[in-house]
Amino acid sequence: MTEQIHYPLEWPYPIKWGEEKTVTTDVLILGGGIAGCWAAISAAKKGVKVALVEKGAVIRSGAGGSGCDHWESAATNPCSKVTPEELTQAMLQDHNGYNNGISHYIECREGYDRLLDLEKMGAKIRDTEDEFKGAEFRDENTKFLFAYDYENRFTLRVWGTTFKPALFQECKRLGVKIFERTMATSLLTEQGRQGARVVGAFGIHTRTGEFFIFNAKATVLAMSRPTRVWLFSPGLPGISEFRPFQCTGDGHAMGWKAGVEFAMMEKSVRAEWSGTRSYPPYGTGNTHNTWYACSMVDANGKEIPWVDRDGTILTTVSQRYRPALGQKFFIKGGGESDFPLYKYKGPDTLPVNELLKKGYKLPFYADLPGMPDHERRAIWGLMVGQEGKTKFPILKNYTEAGFDPDRDLLQSYGDGWKSASFLPRERQLFGVPGGMFNDWKLRTNIEGLYAAGDQLFASDCHGHAAATGHYAGRHAADFTSKTFKMEVAPHQVTAERKRILSIVNRAKGLGWKELNMHISRTMQNHCGEVKSKGILKTGLDALKAIREDDASKMVARNPHELIRSLEVLNILTNAEIIMTSCLARRASSKHLHFHRSDYPEKDPSDWHKFITVKPEDNKVRIGEMPIDYYGSLQENYGIHNGEYRNR
Ligand SMILES: Cc1cc2nc3c(=O)[nH]c(=O)nc-3n(C[C@H](O)[C@H](O)[C@H](O)COP(=O)(O)OP(=O)(O)OC[C@H]3O[C@@H](n4cnc5c(N)ncnc54)[C@H](O)[C@@H]3O)c2cc1C
């Protein structure tokens, strides 16, 4: 790569390179998204001092900031016919065990409590205006609206655009000290040692470049998951991925440097969303998620059939929201995982290739006019209006352009719900990917360090982030009652300042976009769909070369470019964690979407376990954990949450 001279740019904020501020607190929360806000709230309610560090503006930051149209796994709501235990087991089985038993049990047990809390904070969770009175999916007593399985009623349709402002106000009301537009850059550890107790973090202001030292007794990581590892568009960087631009997996990278153990990082799926290839998520006519269970027609207007898990054609729209004969409940439409178990498989349309063989003609269209009135308004209006990326780009813009759901069809562009087709080498951490390994307190392997939301391995969804955030926050607060020294190691401060300032002190060098391109192309070339020891090893060598050469030449002209550069350095670390994990699993696995050409046998029984990786003494330590390491869900939850249970 060639170095370029970067000319200075005008900058509208005062520059404070080298200025330093120290903040001391009991609990430090890194990431002010859904999990981070909930962690701050529950810790503050325990009466400890809380500081919340957020790269953007808390009121709308993160994947849940712009909205959320459905709240999953509220198994304890009064209308639910499934128990938290049943639902968690279903989620575990549907992924062949490769799921987080602890965090999803917390989601199923406490998610509904968080919804009720949200309502008290002023957010909207019920059809209080009776817009959907009489609808099949409404409970007339509670005014709750349900999605997917109308019989078992554990997923709620919600007004998710009201959630983040309510959480932000609650944090302020509780006296949480909020540091916005501040990027956490690295963790502080006792004596600066990897693997030692975490005593805070460093941060940098995204507008002024001011340096922060946050000194804390306990730290909660809530910075979402890695993105832009395989997918990066220099022309449209903001929509390179499904998750928001600020979420680059900084928490994973800084955890790795501190010695955190990860699980399931070998799992990646063929990409499903990226701005250069697809429409906004859930912005095209389809049948999943926001759009479940919309009628579809082919190019000739022929209706596409819906079938239950047995292949029985469903003759009414209502049947698409009901379990099959003899089935207790189903998870989501089509299934929770990419390979739904028969036991939990929900109604779906026939697969596209089967439809084509039967003579159906592309393109397909969502037939909103063909849906009953309540269902049509629930999809186009409520859900498209509340979902993360559709409120403005789709609902507002299309409506203003004249789209009328009572009359118009909306085209589908990919197969099923993905709205695009990707190459096998274009991959993403989507669905239920890897992340930080946790115990029953949502603590990582490092003392004083907790994780929540999409930071955890096998994490997903808003209710999961809310429930695990609240849970991690209260356990972190409990930890602070211990007495210990919170000393900051001066050499760690010097090294971090030097690392950051070296990027802004260069006169010429490489920009963040070039480096991101280089990393993502390396990942596409060496960590695509089919992997082997040879290709992964050369890939790791290529990443090492990027780190030793290009990464040390990065240049930034202002705080904006500095933040982007630090993010790309984190993306590089995340790429290394992923490649290392792929090398460590020497067996292919269907549910992990993991194909090793040198170990082609799928899911041999001796590999049915979690492979963990963590850095130790300048090497990678590979470990393993039983697939059911969490033990009895009810019993262990009880042991660790007596106070919460008895409240
Ligand atoms: C388009 C879209 C639609 C979705 N719809 C639904 C839905 O309908 N239902 C559902 O259940 N789930 C939905 N999800 C998923 C859900 O939004 C996420 O699972 C949830 O927000 C995860 O919460 P989190 O706190 O882990 O991450 P986030 O809410 O993304 O928060 C992470 C926060 O960390 C901050 N951050 C990152 N790095 C740093 C750093 N270095 N320093 C400081 N701060 C940092 C970010 O700015 C962000 O605010 C959707 C996601 C997307 C992208």
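Reference entry: report on the structure contained in this document. Just so we're clear, the structure is a prediction, and the values are computed from it rather than from any experiment.

**Structural notes on the pairing of strand β2 (residues 20-30)**
Pairing between β2 and strand β10 (residues 211-221): ten bridges, direction parallel. By the bridge assignment for β10, Thr-25 is matched with Ala-216. Bridge count between β2 and strand β3 (residues 50-53): four bridges; the pairing is parallel. When the sheet's bridge partners are listed, Leu-30 is paired in β3 with Val-53.

**Overview of the environment of Trp-159**
Inspection of the secondary structure assignment puts Trp-159 in the loop between β6 (156-157) and α4 (163-173). Through-space distance from the C-alpha of Trp-159 to that of Met-121 is 13 Å; in sequence the pair is 38 residues apart. In this structure, Trp-159 is in contact with Cys-68, Lys-124, Ile-125, Arg-126, Asp-127, Leu-145, Leu-382 and Gln-386, ignoring residues within four places of it in sequence.

**Here's the deal with the sheet that holds strand β25 (residues 619-626)**
Strand pairing in a sheet is mediated by backbone hydrogen bonds. Such pairs are either parallel or antiparallel. Read from one edge of the open sheet, four strands run β19-β11-β24-β25, paired in antiparallel fashion. Among the strands making up the open sheet, the edge pair consists of β19 (435-436) and β25. Two elements, strand β11 (residues 262-263) and β19, share two bridges in a ladder whose sense is antiparallel. Across the sheet, Ala-263 pairs through a bridge with Gly-435, a residue of β19.

**Describing the site of the ligand**
Neighbouring residues of the ligand: 34 residues in total, closest Ala-35, Glu-54, Ala-63, Asp-250 and Asp-454. Residue Gly-64 places a main-chain N or O atom 3.2 Å away from an oxygen atom belonging to the ligand. Taking Ala-222, its main chain carries an N or O atom lying 3.5 Å from an oxygen atom of the ligand. For the ligand, whose unbound accessible area comes to 990 Å², protein coverage reaches 98%. Secondary-structure elements contributing two or more residues to the shell around the ligand are α1 (34-45), β8 (182-189) and α9 (462-479). No other element matches the three residues that β8 contributes to the shell around the ligand. Class assignment for the residues of the shell around the ligand results in 13 nonpolar, 13 polar and eight charged.

**Brief notes about the packing of aromatic side chains**
Counted under the stated rule, the structure contains 41 aromatic pairs. Aromatic pair Tyr-98 and Phe-610: ring centres 6.2 Å apart, planes at 80 degrees, arrangement edge-to-face. In this pair, Tyr-98 sits in the loop between α2 (84-94) and α3 (101-120) while Phe-610 sits in strand β24 (residues 609-616), placing the two residues 512 residues apart along the sequence. Accessibility classification places Tyr-98 together with Phe-610 in one group, the buried group. Linked through ring pairs, Phe-132, Phe-137, Tyr-148, Tyr-150, Tyr-292, Trp-306, Tyr-321 and Phe-330 together constitute an aromatic cluster.

**Some remarks on the pairing of β10**
For a regular strand, the rule is simple: side chains alternate between the two faces of the sheet. Of all eleven residues that make up β10, ten are buried, and the element is covered over most of its length. Two strands pair when backbone bridges link them, and strand β9 (residues 198-205) and β10 are joined in this way by five bridges, in the antiparallel orientation. By the bridge assignment for β10, Gly-203 is matched with Phe-212. Relative to strand β20 (residues 449-451), β10 runs parallel, the two sharing three bridges. Paired with Leu-221 across the strands is Ala-451, a residue of β20.

**With respect to the side chain of Lys-267**
With respect to the helices and strands, the residue Lys-267 is situated in the loop between β11 and β12 (269-270). The charged side chain of Lys-267 is buried without a salt bridge, its nearest counter-charge being Asp-338 at 5.5 Å. Reaching out from Lys-267, the side chain makes a polar contact with the backbone oxygen of Val-432 at a distance of 3.0 Å. In contact with Lys-267, not counting residues within four places along its chain, are His-95, Leu-429, Val-432, Pro-433, His-591, Leu-592 and His-593.

Procedures and definitions
Residues numbered from 1 in each chain as written. Predicted model: local features only at pLDDT ≥ 70, side-chain atom pairs only at ≥ 80, totals over all residues. Heavy atoms only, no water. Pairing = 2+ DSSP bridges. Helix = DSSP H or I, 4+ residues; strand = E, 2+ residues; numbered from the N terminus. Contact = heavy atoms within 4.5 Å. Near = heavy atom within 4 Å. Polar contact = N/O pair within 3.5 Å; in protein donor to acceptor, adjacent residues only side chain to side chain. Areas by Shrake-Rupley, 256 points an atom, 1.4 Å probe, with all protein chains shown as cover. Nonpolar A, V, L, I, M, F, W, Y, C, P; charged D, E, K, R; others polar. Phe/Tyr/Trp six-rings, centres within 6.5 Å; stacked < 30°, edge-to-face > 60°. Buried < 20%, exposed > 50% of the residue type's maximum accessible area, 1.4 Å probe, protein only. Lys, Arg positive; Asp, Glu negative; His and termini not counted. Salt bridge = Lys/Arg side-chain N within 4 Å of Asp/Glu carboxyl O.

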